[in-house]
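Summary of structural features
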Amino acid sequence: MNSTFIDRTRLTLVLCIQRKTYHLFPSLMGGLVVLLFSTFPSHALLAKETALDNAPASYTVGTSDDGEMTILRDGKMVTKLVARSGSKPILWPLVGPDGMHLSRAYPMTAAKPGEAEDHIHHRSLWFTHGEVNGIDFWAEGEGRGIIQQTEAIVREIGERVVIETTSDWLSSEGKRILSDKRKLTFHDDEGCAAIDFDIQLIASDGPVNFGDTKEGSFGIRVAGPIKVDAKQGGKITNSRGEEDGKTWGKPAEWVDYTGPIDGKTYGIAILNHPSSFAFPTRWHVRTYGLFAANPFGVHHFVGGEPTEGVTLAAGNTMSIRYRVLLHAGTTTDADIASAWKRYEVTP
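Residues numbered from 1 in each chain as written. Predicted model: local features only at pLDDT ≥ 70, side-chain atom pairs only at ≥ 80, totals over all residues. Heavy atoms only, no water.

**Describing the overall build of the protein**
Rules: Secondary structure elements follow DSSP: runs of H or I of four or more residues count as helices, runs of E of two or more count as strands, with numbering from the N terminus. Throughout this description, buried means an accessible area under 20% of the type-specific maximum (1.4 Å probe, protein chains only), exposed means over 50%, and partly exposed covers the range between. When checking whether two residues touch, look at their non-hydrogen atoms; a contact exists if any pair is within 4.5 Å. All accessibility values rest on the Shrake-Rupley procedure with a 1.4 Å probe; residue burial counts only the protein chains present in the view.
Broken down by element type, the protein carries five helices and 22 strands. A total of 347 residues make up the protein; the buried ones form 50% of that total. Residue pairs in contact within the protein that sit at least 24 positions apart in sequence constitute 62% of those at least 6 positions apart. Taken as a whole, the protein presents about 14,800 Å² of accessible surface, with 51% of it coming from carbon and sulfur.

Here you go:
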């Protein structure tokens with residue numbers, strides 16, 4: 001993987017998980033470390049506990065018989081990399097603070113209370129597009145495209161986990177239209193669990209046209225109680241101060257989707273990096289729970305006739321970069337504006 005891909009194509013998912021102090025805990029070098037209270041004066045013990053509480057989390061990977069990779073932060077699941085769900089690779093579930101699942105369960109499992117069984121192609125977190133050389137990779141079913149993950153390699157385990165994948169975008173007849181390389185880095189960011197998702201689109205088999213359609217591209221389907229239409233306090237807010245339905249189709253540096261689960265507010269924010277293609281991106285975000293950043297769609301959002309879309313010349317690559325934060329509290333509580341400022345200067 002070349003340095004351009006690593007430096008320029010990164011999407012980060014951050015899960016803000018409260019840290020707790022443990023007196024018996026796994027060492028980063030393996031084994032266990034035990035604090036013996038009788039050997040430390042009280043002030044020394046407090047200092048050691050504080051230092052341990054601020055120590056980097058430990059990241060590990062578990063695999064199942066079907067090849068799914070489960071990413072664990074201090075032994076607790078952050079998400080799973082599912083090589084094929086429906087017609088594409090996905091991350092599911094998205095586990096936020098307090099162990100809350102912030103993405104919809106359906107159709108990976110039975111719908112939870114408050115979830116709609118609609119849009120079967122809305123699978124937790126994914127990256128596709130609705131018109132690629134005229135082929136629909138967004139929806140699922142006969143005649144639609146398939147994104148086939150061909151390789152997933154774990155590169156690093158410890159204070160972070162790095163997984164690199166390759167995928168082919170195939171027509172319904174099995175012809176490759178393009179390929180992509182993704183780098184997922186799971187690590188801590190300011191006390192929160194983070195997932196950096198780097199993707200590079202490659203015109204490996206000739207020129208590729210990404211059509212002008214609202215149906216795309218980097219998508220999340222939020223948990224049922226969070227959506228605005230649940231009328232439980234769900235809210236959409238963007239960096240320009242627009243809210244709910246007024247955020248649809250608008251360019252913005254970031255958008256945050258918040259709402260209550262079990263009486264407490266949680267949120268998912270997607271931030272767009274200035275180095276990303278088509279920054280600031282437009283947002284295909286809906287009050288019924290779809291939350292997507294779309295760097296290719298125009299006319300559905302602004303009116304008029306469709307444009308010619310975006311064509312990637314044969315052999316060229318395209319880099320797209322976002323960060324996703326899964327957080328507790330409102331947009332103001334989580335200070336998403338400051339989070340974007342930190343991300344803006346991230347190399």
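**Things to note about the packing of aromatic side chains**
Selection criterion: Each pair of aromatic rings taken from Phe, Tyr and Trp, with Trp reduced to its six-membered ring, is defined by centres within 6.5 Å and is described as stacked if the planes are under 30 degrees apart, edge-to-face if over 60, and tilted in the remaining cases.
By the definition in use, this model includes 10 aromatic pairs. Considering the side-chain rings of Phe-137 and Trp-169, the 5.1 Å spacing of their centres and the 55 degrees angle between planes classify their relative orientation as tilted. Pair noted here: Phe-137 is in the loop between strand E8 (125-129) and strand E9 (146-156) and Trp-169 is in strand E10 (residues 160-170), with a separation of 32 residues, a long-range link. Classification of Trp-169 by relative accessible area gives buried; the value is 0%. Between Phe-279 and Trp-340, the aromatic rings sit 6.4 Å apart at their centres with planes inclined by 5 degrees, giving stacked as the arrangement. Residue Phe-279 is located in the loop between strand E17 (264-272) and strand E18 (282-285), and its partner Trp-340 is located in helix H5 (residues 336-344); the two are separated by 61 residues in the primary sequence.

**Focus: the environment of Cys-192**
Assignment of secondary structure puts Cys-192 in strand E12 (residues 192-202). With 133 residues separating them along the chain, Cys-192 and Leu-325 place their C-alpha atoms 9.1 Å apart.

**Looking at the side chain of Asp-196**
The line we're drawing: In protein, a polar contact requires one atom able to donate a hydrogen and another able to accept it; more generally it is a pair of N or O atoms within 3.5 Å, and residues adjacent in sequence count only if both atoms are side-chain atoms.
Within the secondary structure layout, Asp-196 lies in strand E12. A residue is classified by how much of its surface remains accessible, and Asp-196, at 3% relative accessible area, is buried. Of note is the side chain of Asp-196, whose polar atom sits 3.0 Å from the side chain of His-187.

**Here we look at the pattern of salt bridges**
The following threshold applies: By convention in these notes, a salt bridge is any Lys or Arg side-chain nitrogen within 4 Å of a carboxyl oxygen on Asp or Glu.
By the definition in use, this model includes 18 salt bridges. Between Glu-68 and Lys-80 there is a salt bridge, with the nearest N and O atoms lying 3.3 Å from each other. Residue Glu-68 is located in the loop between strand E4 (59-63) and strand E5 (69-73), and its partner Lys-80 is located in strand E6 (residues 76-85); the two are separated by 12 residues in the primary sequence. Overall, Lys-80 belongs to the buried group, its relative accessible area being 17%. Its salt-bridge partner being Lys-250, residue Glu-242 comes within 3.4 Å of it at the nearest N-O pair. Judged by its relative accessible area of 32%, Lys-250 falls in the partly exposed class. A network of salt bridges, in which partner residues are shared, links Lys-88, Arg-123 and Glu-140.

**Observations concerning unusual backbone geometry**
At the junction of Gly-216 and Ser-217, the peptide bond is cis and its omega measures out at 0 degrees in the coordinates. Among the structural elements, Ser-217 can be located in strand E14 (residues 216-221). In this chain, Phe-279 is followed by Pro-280 through a cis amide linkage whose omega measures -10 degrees. Positionally, Pro-280 belongs in the loop between E17 and E18. The phi angle at Ser-124 is positive, at roughly 60 degrees, despite the residue not being glycine. Overall, the relative accessible area of 0% leaves Ser-124 in the buried class. Backbone geometry at Asp-335 places phi at a positive 50 degrees, although glycine is not the residue there.

**Quick look at the nonpolar core**
Rules: In this description, a nonpolar core means a group of buried Ala, Val, Leu, Ile, Met, Phe, Trp, Tyr and Cys residues linked to one another through side-chain atoms lying within 4.5 Å.
Leu-201, Phe-210, Phe-218, Ile-220 and Phe-291 are the most contacted members of the largest nonpolar core, which totals 56 residues. Apart from residues no more than four positions distant in its own chain, Leu-201 is found in contact with Phe-127, Trp-169, Leu-178, Ser-179, Asp-180, Phe-210, Phe-296, Leu-312, Asn-316, Thr-317, Met-318 and Ile-320.

**Observations concerning the environment of Asp-66**
In this fold, Asp-66 is placed in the loop between E4 and E5. Along the backbone, Asp-66 and Ala-83 are 17 residues apart, and their C-alpha atoms lie at a distance of 9.2 Å.

**Let's talk about the confidence of the model for the protein**
The test is simple: Per residue, pLDDT measures the predictor's confidence, with a range of 0 to 100.
For the protein, mean pLDDT is 86; residues scoring 70 or higher make up 84% of the total. Here residues 1-52 is modelled with pLDDT under 50, and outside its nearest four sequence neighbours on either side it reaches 126 contacts, counting other chains as well.

**Details of the environment of His-187**
Here His-187 shows up in strand E11 (residues 176-189). Take His-187: its relative accessible area is 15%, and that puts it in the buried class. Sequence separation between His-187 and Pro-56 is 131 residues, and the spatial gap between their C-alpha atoms is 8.6 Å. Ignoring any residue separated from it by four or fewer positions in sequence, one finds His-187 in contact with Tyr-59, Glu-159, Arg-160, Cys-192, Ala-193, Ala-194 and Asp-196.

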